[in-house]
Amino acid sequence: MEEPKMLPPHALLEAVMQMVEQVIIIRKDQHLMARTDQLSVQVFLQSDEVSHQGTDLMWFIIRAAMTGSWINQLRLKNFVTDKLHRVVAHSQAYSPEEYCLWSDLVGEQGRTRRCIATLGAGPDDVSVREIIKKVPSGWQGFSVQFKVLYSRMSMLSECQAISASLHRIHLLSPEISLEYQLGLDEQQSTVKYLPNRGSFRTSIGQRKLLTDIDHYLCPAEIPDWENKIRPRTGSRVMLNPVRLSDSTQVRVQLCVAAAVTPPVDRTHLSNHWCKSVQLYTYGPAGVPLFLHEKCPLPVSHLVRWEDYGLKLTGELTHSRQEGVAWPDCTFQLETASAATVPQSQPQQGQGEGQGPSHVLQLFLLLELPSTSVPTISQQIDLLSVLRRELGQLGSDQRVKFSCAAHSALNKVLNNHADQREKQVVMEKAIPHIADAMQTVLRYSTDDSFRNRCFAAVQVEDSRGLSTAVSARLWDIAADKYQVTPPDSVRDSQDMSSASASAPLQNATTPSDTQLQEVPRVETCTEPSSSEPVLDPAMELHSQILDEDWSSPDFTESVGILDALPLDNHHGMEAADTCGDGGGTSFNSDKIDASTLEDDWFSQVILDGDPWA
């Protein structure tokens, strides 16, 4: 017999994790989510002796055992995949024993059905024979076992990667109990990932993500006051259909969650505190997409980092710490040029080396829509396609990937581009709103309504109303959206304040003021003929008037300024994002005093901030 040859690197890792993926997908297909389900992967050294001298190869036994009410559906042939076939066929060529792959289904009273497999030329060429007998055992379940010829050092490296992969699965499958055992030289080590309580989980797509902070940071990096991360999930985005090997097209949706670790509230966060970004990618059923391969997704194109005043400067080598979930890739973050930071924001480049150090984490989940019901073999094939073509999918559908990522990042980081957009919108909207209020009150014949409004903004008549309303609206916008009024507005406000402090000359009664002001049509502020009819500020003004302000969840459900497009030059139109189809426009004929009093003016001026 020729001297045994080593298997390619990571061959065992791929074979074992493909078996685990099969189990998870089959279990999910059975719609059984009992907490008693357990999956155990065990690696045992069978012998230190090999038939050929001068080699460091040893025989190991790999065992994957599982329990649950669904295991009766499992068959040995389900697990003979291309990767497992390569490993077992290699063992068959050198094993002095009769077989190298078998399964045991242990039922009540130790009744065991053993299936022994003999492999042929390919994964589909498998012959199985059964043996049924009683074996004294207190354990009931299904297990797959196979022998492999490996070097000791390579086996230890593979086992470390297997344990880390089970840890990654546990992050998005916390309802399953996972166990990993390694037995060498009469010493045995065990790592258990037990079902997690609900208070340390958060939803991402159709899965639950573990938030215990000790899964992501080593003990020395965990603050005393924190015990979990706080990921925020963005919008789900439907990607273009993916073509499988059988020519079937399957729809896949993308969901992204983002977290700053250790956690810090966005209102107190300086973006340059984030020194690195970690990427975790998952496929259907919460299975990690990459085990040892480099993630092909173009991370530098996934996010417009300049919107957050940051830039990627290179990929970092992960430390591979024990007990911490391994990301697919880690990139260093640095502060971008000060030119990308809006003037209203402090330049984060100053004192960049100061302040705490945080990690930005991105969790990408590619999953099947709830209405999609592909077969088990199609789901397994989909995993292979996503691993092979994810980089191309990210490039071809860059806008969709970016939209999903930004929808999550905007909840944990300060988006400078979004801040500039809000500043521009407020500079357009506030003058229109203030002028509209002035126009309505100037022509109102309801003295009681006019007096209430004048008293609320502390003006004597409608001539100073526009400036007063503008000042009030800028105060509201500055408090909620951190925008600042232009210099020209601040100067006019200062001048108005100085004028208002002087004693009024030639005071008149409200009715006299009304009679004097009605003929002064030429003083009304009209939109310039050069401005488009569907000016964004006009649309915003009309949307404000049309909204149902009685809804207690208005801020969360509508969020007028929050609904603005992130990036119009990437093909997203403002009308589509706001949901009005672009048909909303400002029509002064539809505005009357009662409408403004009930729906807008009384809430902004008399009752306070409708956005609060």
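Here, every reference points to the structure presented above.
Summary of the structure given here. (Residues numbered from 1 in each chain as written. Predicted model: local features only at pLDDT ≥ 70, side-chain atom pairs only at ≥ 80, totals over all residues. Heavy atoms only, no water.)

### Details of the overall build of the chain
Phase 1: Of the regular secondary structure elements, the chain holds 15 helices and 19 strands.
Phase 2: Across the 612 residues in the chain, those meeting the buried criterion constitute 50%.
Phase 3: Once local pairs closer than 6 in sequence are excluded, the contacts in the chain between residues at least 24 apart make up 73%. (Helix = DSSP H or I, 4+ residues; strand = E, 2+ residues; numbered from the N terminus. Buried < 20%, exposed > 50% of the residue type's maximum accessible area, 1.4 Å probe, protein only. Contact = heavy atoms within 4.5 Å.)

### Remarks on the nonpolar core
Phase 1: Among the nonpolar cores identified, the biggest contains 102 residues, and Leu101, Phe146, Val148, Leu360, Leu362 and Leu413 are the most heavily contacted of them.
Phase 2: Of the residues forming this core, the biggest block, twelve residues, is contributed by helix α1 (residues 11-29).
Phase 3: Those residues within four positions of valine 148 in sequence are excluded, and the remaining contacts are Leu7, Leu12, Met58, Trp59, Phe60, Ile62, Val87, Ser91 and Met155.
Phase 4: Counting residues in hydrophobic clusters, the runner-up holds 19 residues, among them Met437, Phe454, Val469 and Ala477. (Core = buried A, V, L, I, M, F, W, Y, C linked by side-chain atoms within 4.5 Å.)

### Points about the environment of valine 135
Phase 1: Tracing the backbone through its elements, the reader meets valine 135 in the loop between β5 (126-134) and β6 (141-151).
Phase 2: The spatial distance from the C-alpha of valine 135 to the C-alpha of arginine 113 is 9.8 Å, given a sequence separation of 22 residues.
Phase 3: Those residues in contact with valine 135, other than ones at most four positions away along the chain, are Gly110 and Thr112.

### A look at the pattern of salt bridges
Phase 1: Under the defined criterion, the tally for this structure stands at ten salt bridges.
Phase 2: Its salt-bridge partner being glutamate 175, residue arginine 207 comes within 3.9 Å of it at the nearest N-O pair. One end of the pair, arginine 207, is in strand β10 (residues 207-210); the other, glutamate 175, is in the loop between α3 (152-172) and β7 (177-184), with 32 residues separating them in the sequence.
Phase 3: Arginine 207 gets classed as buried once you look at its relative accessible area, which sits at 12%. (Salt bridge = Lys/Arg side-chain N within 4 Å of Asp/Glu carboxyl O.)

### Some points on the pairing of strand β9 (residues 201-204)
Phase 1: One ladder, built from four bridges, connects β9 with β10; its direction is antiparallel. Each bridged residue has a counterpart across the sheet, and for serine 203 the counterpart in β10 is lysine 208.
Phase 2: Where β9 hands over to β10, the hairpin turn is made up of two residues, of which glycine 205 adopts a positive phi near 65°. (Pairing = 2+ DSSP bridges.)

### Looking at α3
Phase 1: Helix length check: α3 (21 residues) gives 31 Å between terminal C-alpha atoms against 30 Å at 1.5 Å per residue, within 8%.
Phase 2: With 15 of its 21 residues buried, α3 lies for the most part within the structure. (Expected span 1.5 Å × (residues − 1).)

### Thoughts on unusual backbone geometry
Phase 1: Cis geometry is adopted by the peptide bond preceding proline 262, which originates at threonine 261 and carries an omega value of -5°.
Phase 2: Even without being a glycine, histidine 10 presents a positive backbone phi close to 70°.
Phase 3: With respect to the helices and strands, histidine 10 occurs in the segment before α1.
Phase 4: In this structure histidine 10 comes out as partly exposed when scored by relative accessible area, which is 30%.

### Focus on helix α9 (residues 465-481)
Phase 1: Here α9 spans 24 Å end to end across 17 residues, near enough to the 24 Å set by a 1.5 Å rise per residue.
Phase 2: Buried within α9 are the following residues: Leu465, Ser466, Val469, Ser470, Leu473, Trp474, Ile476, Ala477 and Tyr481. One side of α9 carries all its buried residues, which in axial view fall inside an arc of 165°. Across α9 from its buried face, at more than 90 degrees, point the exposed residues Asp475 and Asp479. (Arc of directions from axis to C-beta.)

### Notes on the side chain of glutamine 361
Phase 1: Along the chain, glutamine 361 falls in strand β19 (residues 358-367).
Phase 2: Look at glutamine 361 and you get buried, because its relative accessible area is 1%.
Phase 3: Of note is the side chain of glutamine 361, whose polar atom sits 2.7 Å from the side chain of threonine 261.
Phase 4: Sequence-distant contacts of glutamine 361, that is, excluding residues within four places in its chain, are made with Tyr216, Ile229, Ala257, Ala258, Ala259, Thr261, Gln278 and Tyr280. (Polar contact = N/O pair within 3.5 Å; in protein donor to acceptor, adjacent residues only side chain to side chain.)

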